[in-house]
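What follows is each chain in one-letter form.
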Amino acid sequence: MQKYFWFQIIYLSFFSVYANIDSSTRQEELTARFKEAVKQKVLPDIKYCGLQHTDDRVYNSSITALDEFPWLVHIRFSHSEYEGQYADRCSGVLISNRYVLTDAYCGLESIKVKLGEYNTNQTVSCDLSSKIEDCSEPVEDIPVEEIIRDGKSSNGPYDFALLRLSKKINYSDFIRPICLPIDQSSRPDLNQLVFSGWGAPNSTGVAKKRLTYNIVKDQVCYNQESWLEGNVKHANVSFICTMPPSKPTTVACSGEHGGPFMYSQTRLVRWYVEGVIVSVMHKEGSSNTCNDKYPVNGIRITENTIDWILSTVRP
């Protein structure tokens with residue numbers, strides 16, 4: 001019995017060392033492929049992604065500055081400017097000058113994207129509280145050329161999608177890419193995530209939001225919907241479950257889904273995408289899809305996700 005016990009210890013130690021070596025080797029391979037993608041100008045260099053102007057400020061704790069989160073993308077299901085403004089509200093995140101990352105539901109129905117948007121019902125938005133005239137540039141409408149899904153259709157909404165735009169876009173103060181978490185080993189231990197979007201209970205114009213939620217145990221989300229845990233495990237994804245703070249300053253709505261879970265890192269306050277929102281949960285049977293008491297959940301970017309992105313993007 002004692003001999004078997006020591007055999008187990010030796011086996012587990014060997015397996016742990018082997019797993020660490022294998023993980024390190026894969027990380028080196030992903031990093032090399034990322035550097036090649038940067039060289040080919042398919043993805044932005046880590047030096048230039050995830051940065052905002054240092055004068056960006058929050059108007060209050062729930063509304064962003066005009067050029068804050070310039071990587072947030074409004075995904076559209078219709079070519080008509082105001083048709084279904086409320087019904088088709090979906091978000092995504094710009095990861096390069098040609099690709100948007102979102103969730104499967106928002107991606108598969110997409111027709112075009114709106115870049116540089118601040119208020120959903122305005123082509124140009126201005127800060128009326130400023131003594132100096134401060135306005136955004138006109139919103140850019142770019143058709144979606146190709147929709148690429150990560151997993152299988154049987155995964156349902158718990159899956160990623162990439163949208164290839166019909167042309168390369170030019171970066172500006174209001175349109176910039178976020179950073180991908182290429183180096184998984186340097187990922188910080190996160191307690192909170194920030195997200196942004198234009199979710200609303202009706203079709204009125206909505207300014208870009210800022211929400212900060214606490215990361216909680218997956219079971220908190222699973223307890224809200226009896227079918228959720230089975231769906232997530234079937235899709236074989238890394239799940240994210242978040243809850244609002246005790247005194248939220250704004251509410252999350254279903255129109256937030258597809259948008260990025262984000263975190264900032266380094267002295268330069270560089271922003272990274274941690275995952276995408278799949279569902280803003282609400283009271284079962286309620287027609288109100290906005291709330292400040294229920295979880296917001298999504299899927300996390302893993303090494304497998306990075307591998308898929310690097311294998312998919314092209315000039």
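Use the structure listed above.
S.K.: A description of the overall build of the protein chain should follow, citing residues and the corresponding values.
M.R.: Within the protein chain, the regular secondary structure consists of five helices and 14 strands. Within the protein chain, counting contacts between residues at least 6 apart in sequence, those at least 24 apart form 70% of the total. Split by element, the accessible area of the protein chain, about 15600 Å² in all, is 53% carbon and sulfur.

S.K.: Just give me the short version of the environment of Glu274, but keep the residues and values in it.
M.R.: On the secondary structure map, Glu274 appears in strand E12 (residues 270-280). Placed 27 residues apart in sequence, Glu274 and Ile301 show a C-alpha to C-alpha distance of 5.9 Å. Those residues in contact with Glu274, other than ones at most four positions away along the chain, are Arg187, Leu190, Leu193, Ile240, Phe261, Met262, Tyr263, Ile299, Arg300 and Ile301. A distance of 2.9 Å separates a polar atom in the side chain of Glu274 from a polar atom in the side chain of Arg187.

S.K.: Please give an account of the packing of aromatic side chains that cites residues and values.
M.R.: One pass over the structure, following the stated rule, counts eight aromatic pairs. Ring centres of Phe195 and Phe261 lie 5.8 Å apart, and the angle between their planes is 80°; this geometry places the pair in the edge-to-face category. Taken together, the positions of Phe195 in strand E7 (residues 192-195) and Phe261 in strand E11 (residues 260-265) put the pair 66 residues apart, joining distant regions of the chain. According to the relative accessible area criterion, Phe195 is buried, its value standing at 0%. Residue Phe261 is classed as buried on the basis of its relative accessible area, which comes to 0%. Measuring from centroid to centroid gives 5.5 Å for Tyr263 and Tyr272, while their planes differ by 10°, and the two rings are stacked. There is no split in this pair, since Tyr263 and Tyr272 are both buried.

S.K.: Please give an account of the sheet that holds strand E8 (residues 211-215) that cites residues and values.
M.R.: Taken together, the six strands give a closed barrel; going around it, the order is E7-E8-E9-E14-E12-E11, and neighbouring strands pair in antiparallel fashion. Sheet twist, expressed as the mean angle between neighbouring strand axes with direction ignored, is 45°. Pairing of E11 with E12 involves six bridges; the strand directions are antiparallel. Within E12, the residue paired with Ser264 across the bridge is Trp271.

S.K.: Mind laying out the side chain of His257, listing which residues take part and the relevant values?
M.R.: As for its position among the elements, His257 is in the loop between strand E10 (252-253) and E11. Leave out the neighbours within four places in its chain, and His257 touches Arg89, Cys90, Ser91, Asp103, Tyr105, Cys106, Ile277, Val278 and Ser279.

S.K.: I'd like to hear about the sheet that holds strand E4 (residues 112-115), residue by residue, with values.
M.R.: Taken in spatial order, the six strands of this closed barrel run E1-E2-E3-E6-E5-E4, and their pairing is antiparallel. Strand after strand, the sheet turns through a mean of 40° between neighbouring axes, direction not considered. Bridge analysis of strand E1 (residues 72-76) against E4 gives four bridges, and the strand direction is antiparallel. Across the sheet, Val73 pairs through a bridge with Leu115, a residue of E4. In the packing of helix H5 (residues 303-312) onto the sheet, contacts are made with strand E3 (99-103), strand E5 (140-149) and strand E6 (160-165), and the angle to E6 comes to roughly 25°.

S.K.: Provide a residue-level description of the pairing of E1, including the pertinent values.
M.R.: Across the five residues that make up E1, a large majority, five, are buried. Covered by surrounding structure in E1 are Leu72, His74 and Arg76 together with Val73 and Ile75, the residues of both alternating faces. Inspection of the sheet shows E1 paired to strand E2 (residues 90-94) by four bridges, in the antiparallel sense. Opposite Ile75, over in E2, you have Cys90 as the bridge partner.

S.K.: Which residues make up the nonpolar core, and what values go with them?
M.R.: By size, the foremost hydrophobic cluster in this structure holds 55 residues, and its most contacted members are Leu94, Ile95, Leu101, Val113, Leu115, Leu162 and Leu180. Not counting residues up to four positions away in its chain, the partners in contact with Leu115 are Val73, Leu94, Val139, Glu140, Ile142, Leu165, Ile169 and Ile175. The next biggest cluster of nonpolar side chains, apart from the first, holds 15 residues, and it includes Phe195, Leu211, Phe261 and Tyr272.

What counts and what doesn't
Residues numbered from 1 in each chain as written. Predicted model: local features only at pLDDT ≥ 70, side-chain atom pairs only at ≥ 80, totals over all residues. Heavy atoms only, no water. Helix = DSSP H or I, 4+ residues; strand = E, 2+ residues; numbered from the N terminus. Contact = heavy atoms within 4.5 Å. Areas by Shrake-Rupley, 256 points an atom, 1.4 Å probe, with all protein chains shown as cover. Polar contact = N/O pair within 3.5 Å; in protein donor to acceptor, adjacent residues only side chain to side chain. Phe/Tyr/Trp six-rings, centres within 6.5 Å; stacked < 30°, edge-to-face > 60°. Buried < 20%, exposed > 50% of the residue type's maximum accessible area, 1.4 Å probe, protein only. Pairing = 2+ DSSP bridges. Axes fitted to C-alpha atoms, helices over the stretch in contact; angles between N-to-C directions. Core = buried A, V, L, I, M, F, W, Y, C linked by side-chain atoms within 4.5 Å.

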